[in-house]
Structures are given as C-alpha cells and as structure tokens.
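Now for the letters of each chain:
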Amino acid sequence: MIRSALMTIMTNAAIKAGRGLKRDYGEVEQLQVSLKGPGDFVSLADKRSEKTIFDELSKARPGYGFVMEEAGRVEGSDKSHTWHIDPLDATTNFLHAIPIFAISIALEREGQIVAGVVYNPATDETYVAEKGQGAFGGARRMRVAARRELSQALIGCGIPHLGKMAEHPAFKADLAAVMARVVNVRRLGCASLDLCYVANGRFDAFWERGLHSWDIAAGELIVREAGGFVTDCDGGADYLKTGDILCGNEFIHREMLGLLRGASGARPR
C-alpha cells in the first residue's frame, strides 16, 4: 500500500466524502435531483460530496487548482498543480440504488497525472496509484490480466446515454466489431471503476468515448501503474483532452485498437 502524505490526504478526502454518499444512498428517494440534460442527472449528493472533497483538499494543499464535474474549473495560485475531481461517478446507478458508483480524485502536476484515488463507498473498495509506486486495491498490488487472445477476453465499455444520441451510430459500429471477437462485453456505467477493473484484471480491456478528465484521470494512472497501456481510441496520447479512452494489457490493447480503427470505416457518415 502507498503511504505517502499525498496519498493519505487524497484517500482521507475520498473516504470522508464517501460517508456522506453512504448516508444519501440509504435515503435516495428523498434526494433533490435535477436534470443537466437528457439522461444526465445531478443530485444533492453529488454537490455535497464535491464540497467535502474541495474543502478537504483546499485545506491540505492551499493554492492548488481544481477541475470538478459540478463546479467546473477553479484557478489556484499554484499553477503547477490541479485536482481533477468526480464527486459521484455513475450518478444514474446511485439514483437507482445500484451499488456501482465511485469518487474519483486525481492530481495533475505540471501537465502529468501523478496520483489517483478511486473509492466505491457502497463496497468500501479503494484503488490508488502514485506515479512510479505501483497500483493497489486495498493492500494488494494490482496487475492487469495476462491474457493475449481476444477470444478469451472480457471487455468493458461505456454506452452513450440519451443526451448523446448523435454518438449512438458510432458506438454501434464499435460494439459490433468488438462483440464478434471477444467472450463478451460488460457495461458498468462507471468509467472510473471500469478502469480499476482493468487494473485488477477483472476486465481485459475497456473503451469509451466522450468522457471528461474527472472521469478518467485517476483511473488511467491506476491502469498504467498496474502495467497497462492507455491511449485514445485511435492510439493517441491526448485522451484526457479528447475524452476517448482505450486501455488493456499490451496484447489486448493492440488487438482492440485494431478493431476500433477498423470500425471507424463502418460508421455512418
């Protein structure tokens, strides 16, 4: 387990916010919920969690900037450091009492993600990584799965929701290409946990398009520190900007990249 001061600060912030989510999860029918867009919800639980994390990290590291799902960007006096925060990844799961949701916190230092925490309050699972220190699920060091054949691989994905109907045809083309070659495909509805499932070998690969830095910044570091490969869906390195991500071990990642590139030619124009 990583026991640095930075990791302690991040983990403590996630756990403290998680206590509030556990409380709200037990009273989800009483929560105030609003609609950000078609199929895209935000609850009072999201906002409470984000405020808790913001307050804790601001106190521990004054001057650092923030990029947050609900409050947006908050500039800090320290331009070298920025937190990327998703206070409740998978709000839709949370509101339907599905225990697959997470808090995701990542630290960017001079343009590179150097630390990440993903915490699921419903299961009390914590995933952490710090650059050069490996990735851990609880006290256990994690490694990506060793499978080399797509025909033996279980793949995670994200499905664009109602508000992203323009992306549905492209997703269908991707899915058709992947389904024809792998054991099966799973959709958790929580990108941060999907990435951690690749890191701990539950999934052999994961891909999704149209995400944000707060969805994937912590998880992508956790995958890389677990020995995985991470790119965008075209093999590029700007996935934190494009929001398109593909990860897996060296062999499955390469095969998946070929499938997704091939699917691009089958997409409706």
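Our subject is the structure listed above.
The text that follows walks through the structure, step by step, so that each part is easy to find. Quantities reported herein were computed from a predicted structural model and do not represent experimental measurements. (Residues numbered from 1 in each chain as written. Predicted model: local features only at pLDDT ≥ 70, side-chain atom pairs only at ≥ 80, totals over all residues. Heavy atoms only, no water.)

### Considerations on the overall build of the chain
And step 1. Within the chain, the secondary structure is distributed over eight helices and 15 strands.
And step 2. For 269 residues, the compact-globule formula gives about 18 Å, and the C-alpha radius of gyration of the chain, at 18 Å, lands near that figure.
And step 3. Counting only C-alpha atoms, the chain reaches 50 × 40 × 35 Å along its principal axes.
And step 4. Looking at the chain as a whole, 51% of its 269 residues qualify as buried.
And step 5. Considering only contacts within the chain whose residues lie at least 6 apart along the sequence, 63% involve residues at least 24 apart.
And step 6. In the chain, 33 side chains carry a positive charge and 34 a negative one; their mean positions are 3 Å apart. (Helix = DSSP H or I, 4+ residues; strand = E, 2+ residues; numbered from the N terminus. Rg over C-alpha atoms; globule rule 2.2 N^0.38 Å. Buried < 20%, exposed > 50% of the residue type's maximum accessible area, 1.4 Å probe, protein only. Contact = heavy atoms within 4.5 Å. Lys, Arg positive; Asp, Glu negative; His and termini not counted. Charge placed at Lys NZ, Arg CZ, Asp CG, Glu CD.)

### Some words on helix α1 (residues 5-25)
And step 1. For α1, spanning 21 residues, the distance from its first C-alpha to its last is 30 Å, which sits close to the expected 30 Å at 1.5 Å a residue.
And step 2. For α1, the elements touching its buried residues are α2 (44-60), β5 (78-89), α3 (91-95), β6 (102-109), β7 (112-120) and β8 (125-130). (Expected span 1.5 Å × (residues − 1).)

### Topic: the packing of helix α5 (residues 191-199) against helix α6 (residues 213-225)
And step 1. With their axes 8 Å apart at the nearest point, α5 and α6 run at an angle of 5° to one another. Relative to α6, the element α5 lies roughly parallel. Taken together, the residues of α6 that come into contact with α5 (itself represented by Ala-191, Ser-192, Leu-195, Cys-196, Val-198 and Ala-199) are Asp-215, Ile-216, Gly-219, Glu-220, Ile-222 and Val-223.
And step 2. A class-by-class count of the residues in the contact of α5 with α6 yields eight nonpolar, two polar and two charged. (Axes fitted to C-alpha atoms, helices over the stretch in contact; angles between N-to-C directions. Parallel < 35°, antiparallel > 145°, perpendicular 65-115°, else oblique. Nonpolar A, V, L, I, M, F, W, Y, C, P; charged D, E, K, R; others polar.)

### What about the sheet that holds strand β12 (residues 184-186)?
And step 1. If you trace the five strands from one edge of the open sheet to the other, you get β12-β11-β13-β15-β14, paired in mixed fashion. Two strands close off the open sheet at either side, each with one partner strand: β12 and β14 (229-231). The sheet shows a mean angle of 20° between the axes of neighbouring strands, direction not considered.
And step 2. Its contacts with the sheet put helix α8 (residues 250-264) on β11 (154-157), β13 (205-208), β14 and β15 (245-248), and the angle it makes with β15 is roughly 145°. (Pairing = 2+ DSSP bridges.)

### So, the pairing of β7
And step 1. With respect to burial, β7 is a largely interior element, eight of its nine residues being buried.
And step 2. Relative to β7, β6 runs antiparallel, the two being bridged by seven bridges. Within the sheet, the bridge partner assigned to Leu-107 lies in β7 and is Ala-115.
And step 3. Bridging between β7 and β8 involves six bridges; their strand directions are antiparallel. Residue Val-118 lies in a different strand from β8, and its bridge partner there is Tyr-127.
And step 4. Turn length for the β7-β8 hairpin, with the two strands adjacent in sequence and antiparallel, is four residues, and the turn residue Asp-124 shows positive phi of about 60°.

### Some remarks on the state of the cysteines
And step 1. Going through the model one piece at a time under the given rule, you end up with zero disulfides.
And step 2. Cys-233 carries a free sulfur, and the closest cysteine sulfur to it, the one in Cys-247, is 9.8 Å from it. (Disulfide = S-S within 2.5 Å.)

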